[in-house]
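Results of the structural survey
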Amino acid sequence: MTSPTLSIERLTIDLPAGADRQFAVHKCSYQILKGEILCVVGESGSGKSMTANALMGLLPSGVKVGAGRAMFGGKDILRLSEGDQRAMRGDRVAMIFQEPMTALNPLMRIGDQIAEVFAAHKRHSPAQRRARALELITEVGLPDPAKIIRAYPFQLSGGQRQRAMIAMALALEPELLIADEPTTALDVTTQAQILKLILDLRDRRGMAVMFITHDFGVVEEIADRVIVMRHGQIVEAGTAADVLQDPQHDYTKALLNAIPSGHVPQSAPVTNAPALQIKSLNKVYRTGGGFMKPPREVRAIDDISLTIAKGEVLGLVGESGSGKSTLGRAVVRLVTPDSGQILVGGTDMAALNDADLRAARHKVQMVFQDPYASLNPRHKIMRALTDGPIAKGVSKADAQARARELMEIVGLGAEAVDRFPHEFSGGQRQRIGIARALAMDPELIIADEAVSALDVSIQAQVLNLLRDLRARMNLSILFITHDLRVAAQLCDRIAVMQKGKLVEIGQTSEVFLRPQHGYTQKLLAAVPGGDWGKTG
Amino acid sequence: MAILGPILGRLLKAAITLLAIAILNFFLIHAAPGDPAAVIAGEAGAADEQMIADLRAQFGLDQPFYVQLARYVGNVVTLDLGYSFRQGAPVLDLILDRLPATLLLTLTAFGISLVGGIAMGVAASARVGKIGDSLLTGFALLFYATPLYWAALMAVLVFSVNLGWLPGFGYETVGANYTGLTRMWDILSHLVLPASTLGLFFMAVYMRMTRASMLEVGQQDFVKTARAKGLADPIIRRRHILRNALLPVVTLAGLQAGQLVGGAVLTETVFAWPGIGRLMFESLAARDYNTILGVFLVSAAMVIVFNIITDIVYRLIDPRIGHKA
Amino acid sequence: MSFWKRFSTNRGAVFGLILLFLVIAIALLAPFMFPRGPWAMVQRPFLAPFDAAGLYLGTDTLGRDVLSGLVYGARVSLLVGLISTVMALCIGVPLGALAGFYGGWVDECAMRFTEFFQTIPNFALAIVLVAILEPSLGSITLSIAIVSWPPVARLVRAEVMSVTKREYIDAARLAGLSNMKILIGQVLPNTVSPIIVMASLMVATAILLESSLSFLGLGDPNIMSWGYQVGAARTVIRTAWWLSFFPGLAIILTVLALNLIGEGLNDALNPHLSRKGRA
């Protein structure tokens, strides 16, 4: 039996007066053993990051430790002097963050940022610091270390930056590594690599890891033990196997249910007439260029043809930069393609001039990603739902009646039309977005990452609504997502995009269980907690 | 090398801008009420009939409009800014004679305001919400609202008339005929009041910007990373926050250069500083439009030089510019 | 109304507002306070403050009542500040809005034009314009407007660009609304708050500009203004400090009031816009 590296006892963190609750964290107790990975799971606002900030002495102003202790190396690290706390940070306890894009100083070379850790704790000579930095860069698997050490953050990809962050955190061989959602901002394949790196490093160095995440897929991949937090309290704790397979608390069950499992629904083949036909569509972006410089070309849509049948949900998956969003935006003509056809109910959307396009807009509608940016903050919901129909020629009274009806349908109640967007939560706003799309009676709906910005439990509710509406209204949907598990829940067929090309398209079960293309196989293998495609 | 290409581009742009200002000048002459020739000669009676007739011929006022324009722009390009009938000398000579004084004044004021403003901004941001911050912010607010010329007059009143610490008039002691170090010291003592009163307003501007920028950058993720590394606060402030916070201040300083050069007219007027601003003021009273427009063109050129300097500084601070991502 | 609540928590802003109302009241009441006007010679010249009964701020080089000049000067300051700001908005807002909304070559042209005007030292340009157009209330106001609009255009362009990228604008396009309807009905209303803040600061800058022009002798010769008062007293600063001191103080207080109001507006309007929606 190893002794705990960290032992948190009845920790309470107070929020400032006027916050929506009194405590960020309330009477939480848990331990992390040497060489153990503990996942702290919860949705946004559950208080999971506050504990980490408290341990590091990095609580935001106004937030204070109320009660409890955190024993680390025989001392209560919550009550160290500022100087002792600083000496501990980066040395015995290190931390990595969610946003690799912003967590590094943009004006400082990677090597200097790593060497700075040694300087802060007065270790090594400058030459040795540099040599150690080079070793660390090599250890975290960054390519061409001699070059990376001189590089600035903007020259690195997101995954590379996260590796650099990890190198920095490991510099002084900490006993405890705190990782705050370190893979959330990354693509699935990059995410898998970073998770593997953290597992390897734990094995090699035997440090304890506190891994904060909202994603049970990640938990399954990496955790030895799990605690689940909600509203600042621990609702469930146990070994990873126990919590995942036999959750006790209703909240844990709800979270786990909200995550699509390896189960792939069998979808019926679709034989109806097409709602959408895309024929050899192309779009090239040219950036930079100008004075004596050749422009850089990005083929966002590279000769894509596909069809969506009436009443079908086609999932369009791919990583960021694959061109999937550009394709969605081209179908609604927010982006004008260079060549090719987009046939919706016999009209070629790609060929319309401005005036005809405005008249044909209602045929295809879109549900957007960001619930906070997709509604005009100055307009009441009624206006958001009636602007389109009125422009299309529906009478104001009819449009308003329909708006009320739709708000009932999406489960928000007819009275909600007289309120402003800021009065609604993120999930509710996505429902309004769906109602707005439906108000136009479109032949096709594009859902562009429509649930990606939501917490899993809310995600599940919105997906249920979409599934329900689709059955009731025979909707045709192009469902764009980076999340394969979400796609599996809703879609009849799946299309996979990579670098502007359509690499695979087929029945959901076929694509998931017997992926043909190498890229699809890689994507599936990288999904945390997924076991599709691995045996196939 | 990474710096040369863009600088060439800047110079090209600068040339185009100056050309455009020359064209603007031409239209301004024509926009003035009355005969352009009379306007150029100074309509307050300096010109006799013969001179105006000569001018008409010289400017080809009987020629088509575009010929006149081409001729005028051609003159400007060959650095012929016309003749000041009031002062009896070519405008370019008048300006070149006065330019060093103005450059000394504006560059000193620019330096004072930038260094002082940044230092005070950093100091205020480190004490945010405390008494030191309130004092510095209040100071900035006050000088932000103070007319340049009034600050200059009050400085003369206090430091020159009442206390007698510093000279409040001119560029150097007239008739003293100092040489070498003594002369430099003399000029420096004359420079203190004009440069600091011209710099005060801009110091307030840069101080506010620096403070806001320091506070904003202090919220960013990489500052939290720096704390998590165990770095001490002063090091974090200097190495991580300040450098990033300076970028918008440098941009602003470039944009403000025009105001600084314009403000020199007021400062030079109050202190009888023999620069091009004072020249402009004297020409206003004499309605010497050739000289006014010449000074205008040269001050625009000065602003362009200031802009190129801030551009270079920005490139030195920010590695993202010039590198290919 | 929550806007007023937020605004009134900023003590500086409330102070500024009171000060501004005071200046406005004085400007409006000038003819009642000094029916003889600012040009009348009331006593012998160079009387120090309180030297003669009823002449609280003394007399100037020509024996005119300094206080009377101050009171009338408030009118021209406020008038020029307000009208030139409105004119500058009329140039800057449409230009910036079109540039930000349409992008591409429209943006390129509009921004090159703006950049050009921003490179020109604006006070020098104002001097040249007023000198050539002959000093008058109209030419002064116009000149100030011409040199003040570029920052407006830049601000509006940036705001419009950022709003245009929001998804609700995509949604408006999909609703089949025309570009003009989207720009006027959806985009511009969401850029109003920063424009209001900037406008309040521009009035302050315009007052400073006007006073500087008058100081150089480029004021309207028929209208008493603060800058003129200081300018006329410049050469007698050694003997009659009060002639330049009080008009300068009036300018500082007025400009300070407007700056404080601008800051208050900024605090009250902007940080909440993204989350709370309505201002």
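Refer to the preceding data block for the structure.
Keep in mind that this is a model prediction, so the values were computed, not measured.

Side note on the overall build of chain B
Looking only at helices and strands, one finds twelve helices and two strands in chain B. Of the regular secondary structure in chain B, the N- to C-terminal order runs α-α-α-α-β-β-α-α-α-α-α-α-α-α. The principal-axis extents of the C-alpha atoms in chain B amount to approximately 80 × 60 × 40 Å. Pairs at least 24 apart in sequence give 72% of the contacts found in chain B among residues at least 6 apart. Counting every atom, chain B has about 14200 Å² of accessible surface; 66% of that belongs to carbon and sulfur. Between the mean site of the 23 positive side-chain charges and the mean site of the 20 negative ones, chain B shows a separation of 19 Å.

Points about helix α1 (residues 48–56) of chain A
Residues and elements named next belong to chain A. The buried fraction of α1 amounts to eight of the nine residues, a majority that puts the element mostly inside the structure. Residues Lys48, Met50, Thr51, Ala52, Asn53, Ala54, Leu55 and Met56 constitute the buried set of α1. Phi for Gly57, located one or two positions after α1, is positive at around 70°.

Observations concerning helix α8 (residues 179–187) of chain C
Every buried residue of α8 of chain C is listed here: Ile182, Leu183, Gly185, Gln186 and Val187 of chain C. Considering only its buried residues, α8 of chain C is in contact with α13 (381–392) of chain A together with α3 (66–102), α6 (137–164) and α7 (167–174) of chain C.

Considerations on the nonpolar core
Among the nonpolar cores identified, the biggest contains 150 residues, and Met280 of chain B together with Ile127, Leu213 and Leu216 of chain C are the most heavily contacted of them. Considering every element that reaches this core, the biggest residue donor is helix α11 (residues 242–269) of chain C, with 15 residues. Looking at which domains feed residues into this core, each of domain 1 (4–91) and domain 2 (98–324) of chain B gives three or more. The residues contacting Leu216 of chain C, other than those within four sequence positions of it, are Val265, Leu266, Thr269, Phe281 and Leu284 of chain B together with Phe123 and Ile127 of chain C. Grouped together as the second largest cluster of nonpolar side chains are 88 residues, Leu58, Ile77, Ala169 and Ala223 of chain A included.

Focus on the interface of chain B and chain C
With 48 residues of chain B in contact, the opposing surface of chain C contributes 39 residues. Here chain B meets chain C over a buried area of about 3900 Å², counting both sides, of which 77% is carbon and sulfur. Across the contact surface, chain B and chain C share two salt bridges. Put simply, Glu263 of chain C and Arg208 of chain B hold a salt bridge, and the shortest N to O gap is 3.2 Å. On the surface where chain B and chain C come into contact, there are seven residue pairs in polar contact (both at pLDDT 80 or more). When residues of the side of chain B that touches chain C are traced back to their parent elements, those giving at least two are α1 (4–31), α6 (131–144), α7 (148–162), α8 (180–218), α10 (233–271), α11 (276–286) and α12 (289–317) of chain B. Partitioned by chemical class, the residues of the side of chain B that touches chain C number 35 nonpolar, eight polar and five charged.

Notes on a positive patch on the surface
All names here are of chain A. Taken together, Arg109, Arg130, Lys147 and Arg150 make up a surface patch of like positive charges. Within the secondary structure layout, Lys147 lies in helix α5 (residues 145–148). Classification of Lys147 by relative accessible area gives exposed; the value is 55%.

A look at the environment of Phe34 of chain C
All names here are of chain C. The topology assignment puts Phe34 in the loop between α2 (11–33) and α3. Looking at Phe34, the relative accessible area reads 17%, which means it is buried. Spatially, the C-alpha atom of Phe34 lies 56 Å from that of Lys165, the residues being 131 residues apart in sequence. Those residues within four positions of Phe34 in sequence are excluded, and the remaining contacts are Asp65, Leu67, Ser68, Val71 and Tyr72.

Considering a nonpolar patch on the surface
A contiguous nonpolar surface patch, about 810 Å² in accessible area, is contributed by Phe21, Leu22, Ile24, Ile26, Leu28, Leu29, Phe32 and Met33 of chain C. A relative accessible area of 54% places Phe21 of chain C in the exposed class.

Some points on the interface of chain A and chain C
If you look at the interface, chain A gives 27 residues, while chain C gives 21 residues. When the buried area of chain A at its contact with chain C is split by residue, Arg358, Arg378 and His422 of chain A rank highest and sum to 27% of it. At the boundary of chain A and chain C, one finds one salt bridge. The shortest N-O distance in the salt bridge between Arg329 of chain A and Asp170 of chain C comes to 3.0 Å.

Regarding the environment of Asp441 of chain A
Residue and element names in this part refer to chain A. Locating Asp441 in the fold gives a position in the loop between α15 (426–439) and β17 (444–448). A sequence separation of 76 residues divides Asp441 from Gln365, and the C-alpha atoms of the two residues are 8.7 Å apart. Ignoring anything within four residues of it in the chain, the contact list for Asp441 reads His362, Lys392 and Arg402.

Procedures and definitions
- Residues numbered from 1 in each chain as written.
- Chains lettered and ligands numbered in written order.
- Predicted model: local features only at pLDDT ≥ 70, side-chain atom pairs only at ≥ 80, totals over all residues.
- Heavy atoms only, no water.
- Helix = DSSP H or I, 4+ residues; strand = E, 2+ residues; numbered from the N terminus.
- Contact = heavy atoms within 4.5 Å.
- Areas by Shrake-Rupley, 256 points an atom, 1.4 Å probe, with all protein chains shown as cover.
- Lys, Arg positive; Asp, Glu negative; His and termini not counted.
- Charge placed at Lys NZ, Arg CZ, Asp CG, Glu CD.
- Buried < 20%, exposed > 50% of the residue type's maximum accessible area, 1.4 Å probe, protein only.
- Core = buried A, V, L, I, M, F, W, Y, C linked by side-chain atoms within 4.5 Å.
- Domains from an automatic or database assignment.
- Buried area = accessible area lost by both parts, 1.4 Å probe.
- Salt bridge = Lys/Arg side-chain N within 4 Å of Asp/Glu carboxyl O.
- Polar contact = N/O pair within 3.5 Å; in protein donor to acceptor, adjacent residues only side chain to side chain.
- Nonpolar A, V, L, I, M, F, W, Y, C, P; charged D, E, K, R; others polar.
- Patch = residues over 30% accessible without salt bridge, like charges linked within 9 Å, V, L, I, M, F, W, Y side chains within 5 Å.

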